[in-house]
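One letter stands for each residue in the lines below.
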Amino acid sequence: MRTERNLTRLDRVFARLDREPERPALIDVPRMSRHRVALLTGTLAFYLAIVWAVVTTSWLVRLDWQVMFFRPYQQWSHIHWFVDYYVVLGQRGPTAVMVAAWLGWRSWRQHTLRPLLTLGTALLLLNVTVGAAKIGMGRLGPHYATMIGSNEMGLGGDIFPSGHTANAVVTWGILAYLASTPRARRWLSALSALTALGVGMATVYLGTHWLSDVLLGWAAGLLILLALPWCEPLIARAEVWILDLRDRWRARGTAPAPAPAPVGSPALLQPRTTAPPQDEAPVRGSSSARPARPPAYLAPGPHTARSERTPVTPAGSRRPPHSDRVPRGATTSTARPLTGG
């Protein structure tokens, strides 16, 4: 009786991962739902509102100074060691390596480059947008503030918006964006949101960012995730181009196989030598009767004829050497003495 093997939880996870197609079927720009458009519009409005509130030195800047004077790292010093480790979840290097390792395994499993290309596109957008905003606004951090109550804008800083917070939103949110099932997408969205929230609060606790920096970092990371669907056609074309380039590179390294002969066609055999005419009989001993043999390979050095070689006595032989023996074919002037019987 044949019984089927029960699938384990790990087998079911692998089965869900294998649902990803080899290449994206949609090359055109996907249509965004009204909820996604509303969320994108609201996030963009929130981003601009935070920037305006900081530039005009409004109540948000006063709240930044109040939090800084509160000094959370002194109020709750017993959790300082934990926050120092937790804030690493927002650093670009460690998080990019961890997420790229997971997405690289998924790419190998699903035979597609889309996960890695999506991560690269998101990080590129993050570097361009957040980096340009940091350099353009030039805000100083709490530890380098010059005047109490000022917004510290345009002084050569690079903390507005918070790079740790935006990186946490994008890096961990890309896992939810690439989830294979709606349930996994919901769980990963909640987990990435909590991780990014904790990273932002950790930077405020350590005093490396203003509270408004963290708010703008959340908005900047969410805008990048919401804009990724418009990059899907570019990602699909890049994947097709890379795979075609790989196929051409493999074809260049392998030699083309000879074309097989058609079945049923007779093969023409050519003789090696031409037969002599019937009216001319081959002369014995002449060179035209038989083709010349190629010269045999000889080792370098002087060579002697067989008749001139001295016979070699095998090693271990008890037969005594004879001094009166001469090479075969040589003539001697003395006759060999006769022995009586």
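### Looking at the overall build of the chain
No. 1: Looking only at helices and strands, one finds 11 helices and zero strands in the chain.
No. 2: When the helices and strands of the chain are listed from N to C terminus, the series reads α-α-α-α-α-α-α-α-α-α-α.
No. 3: Among the 341 residues that make up the chain, the fraction classed as buried is 31%.
No. 4: Restricting the contact set of the chain to residue pairs at least 6 apart, pairs at least 24 apart contribute 76%.
No. 5: Summing over all exposed atoms, the chain offers an accessible surface of approximately 24,900 Å²; the carbon and sulfur share of this is 62%.

### Remarks on a nonpolar patch on the surface
No. 1: Residues Phe 70, Trp 76, Ile 79, Trp 81, Phe 82 and Tyr 85 make up a contiguous nonpolar surface patch of roughly 710 Å² in combined accessible area.
No. 2: Here the element with the most residues in the nonpolar patch is helix 5 (residues 80-86); it accounts for three residues.
No. 3: Structurally, Ile 79 can be placed in the loop between helix 4 (72-75) and helix 5.
No. 4: Overall, Ile 79 belongs to the partly exposed group, its relative accessible area being 33%.

### Points about the side chain of Asn 151
No. 1: Tracing the chain through its elements places Asn 151 in the loop between helix 7 (114-137) and helix 8 (163-177).
No. 2: Taking the relative accessible area as the measure of exposure, Asn 151 reaches 13% and is therefore buried.
No. 3: Within polar-contact distance, the side chain of Asn 151 engages the backbone oxygen of Val 54 at 3.0 Å.
No. 4: Within the local environment of Asn 151, its side chain forms a polar contact with the backbone oxygen of Val 55, the two atoms lying 3.2 Å apart.
No. 5: Here Asn 151 is in contact with Val 54, Val 55, Thr 57, Val 61 and Arg 139, once residues within four sequence places are set aside.

### Observations regarding the pattern of salt bridges
No. 1: Taken as a whole, this structure holds four salt bridges when the rule is applied.
No. 2: In this structure, Arg 139 and Asp 64 form a salt bridge, with 3.2 Å as the shortest nitrogen-oxygen distance. Here Arg 139 is found in the loop between helix 7 and helix 8, whereas its partner Asp 64 is found in helix 3 (residues 59-70), with 75 residues between them in sequence. Both residues of the pair, Arg 139 and Asp 64, count as buried.

### Brief notes about the packing of aromatic side chains
No. 1: Summed over all chains, the structure comprises six aromatic pairs.
No. 2: Where Trp 81 meets Phe 82, the ring centres are 6.0 Å apart and the plane angle is 75 degrees; that geometry is what we call edge-to-face.
No. 3: Grouped by ring-pair contacts, the aromatic residues Trp 65, Phe 69 and Trp 210 constitute a single cluster.
No. 4: One Lys or Arg, Arg 139, reaches over the ring of Phe 160 and ends 5.2 Å from the middle of that ring.

### Regarding the packing of helix 7 against helix 8
No. 1: At a closest axis distance of 10 Å, the pairing of helix 7 and helix 8 adopts a crossing angle of 160 degrees. Put simply, helix 7 runs roughly antiparallel to helix 8. Crossing angle aside, the handedness with which helix 7 passes helix 8 is right-handed. Two secondary-structure elements touch here, helix 7 through Arg 114, Thr 118, Leu 119, Ala 122, Leu 123, Leu 126, Val 130 and Lys 134 and helix 8 through Gly 163, Ala 166, Asn 167, Val 170, Thr 171, Ile 174 and Tyr 177.
No. 2: For the contact of helix 7 with helix 8, the per-class residue count stands at nine nonpolar, four polar and two charged.

### Quick look at the packing of helix 6 (residues 92-110) against helix 7
No. 1: Running from N to C, helix 6 and helix 7 point in directions that differ by 155 degrees, and their axes come no closer than 8 Å. When the axis of helix 6 is compared with that of helix 7, the two are roughly antiparallel. Side by side, helix 6 and helix 7 meet where Arg 92, Ala 96, Val 99, Ala 100, Leu 103, Gly 104, Ser 107 and Gln 110 of the first sit next to Pro 115, Leu 116, Leu 119, Leu 123, Leu 126 and Asn 127 of the second.
No. 2: When its residues are assigned to classes, the contact of helix 6 with helix 7 shows nine nonpolar, four polar and one charged.

### Thoughts on the confidence of the model for the chain
No. 1: With 66% of its residues at a pLDDT of 70 or more, the chain shows a mean pLDDT of 78.
No. 2: Looking across the chain, the model is least confident in helix 1 (residues 9-17), with a mean pLDDT of 59, and most confident in helix 10 (residues 211-227), with 95.

### Focus on the nonpolar core
No. 1: Membership of the largest hydrophobic core comes to 44 residues, with the highest contact counts inside it found for Tyr 47, Phe 160 and Ile 174.
No. 2: Only helix 2 (34-55), helix 3, helix 6, helix 7, helix 8, helix 9 (182-206) and helix 10 provide two or more residues apiece to this core.
No. 3: Not counting chain neighbours up to four residues away, the residues in contact with Tyr 47 comprise Ala 133, Leu 216, Ala 219, Ala 220 and Leu 223.
No. 4: If you look at the next biggest cluster of nonpolar residues, it comprises five residues, including Val 87, Ala 202, Tyr 205 and Leu 206.

Quick notes on the rules
Residues numbered from 1 in each chain as written. Predicted model: local features only at pLDDT ≥ 70, side-chain atom pairs only at ≥ 80, totals over all residues. Heavy atoms only, no water. Helix = DSSP H or I, 4+ residues; strand = E, 2+ residues; numbered from the N terminus. Buried < 20%, exposed > 50% of the residue type's maximum accessible area, 1.4 Å probe, protein only. Contact = heavy atoms within 4.5 Å. Areas by Shrake-Rupley, 256 points an atom, 1.4 Å probe, with all protein chains shown as cover. Patch = residues over 30% accessible without salt bridge, like charges linked within 9 Å, V, L, I, M, F, W, Y side chains within 5 Å. Salt bridge = Lys/Arg side-chain N within 4 Å of Asp/Glu carboxyl O. Polar contact = N/O pair within 3.5 Å; in protein donor to acceptor, adjacent residues only side chain to side chain. Phe/Tyr/Trp six-rings, centres within 6.5 Å; stacked < 30°, edge-to-face > 60°. Lys NZ or Arg CZ within 6 Å of the ring centre and 35° of its normal. Axes fitted to C-alpha atoms, helices over the stretch in contact; angles between N-to-C directions. Parallel < 35°, antiparallel > 145°, perpendicular 65-115°, else oblique. Left-handed = near helix turned anticlockwise from the far one by under 90°. Nonpolar A, V, L, I, M, F, W, Y, C, P; charged D, E, K, R; others polar. pLDDT = per-residue confidence, 0-100. Core = buried A, V, L, I, M, F, W, Y, C linked by side-chain atoms within 4.5 Å.

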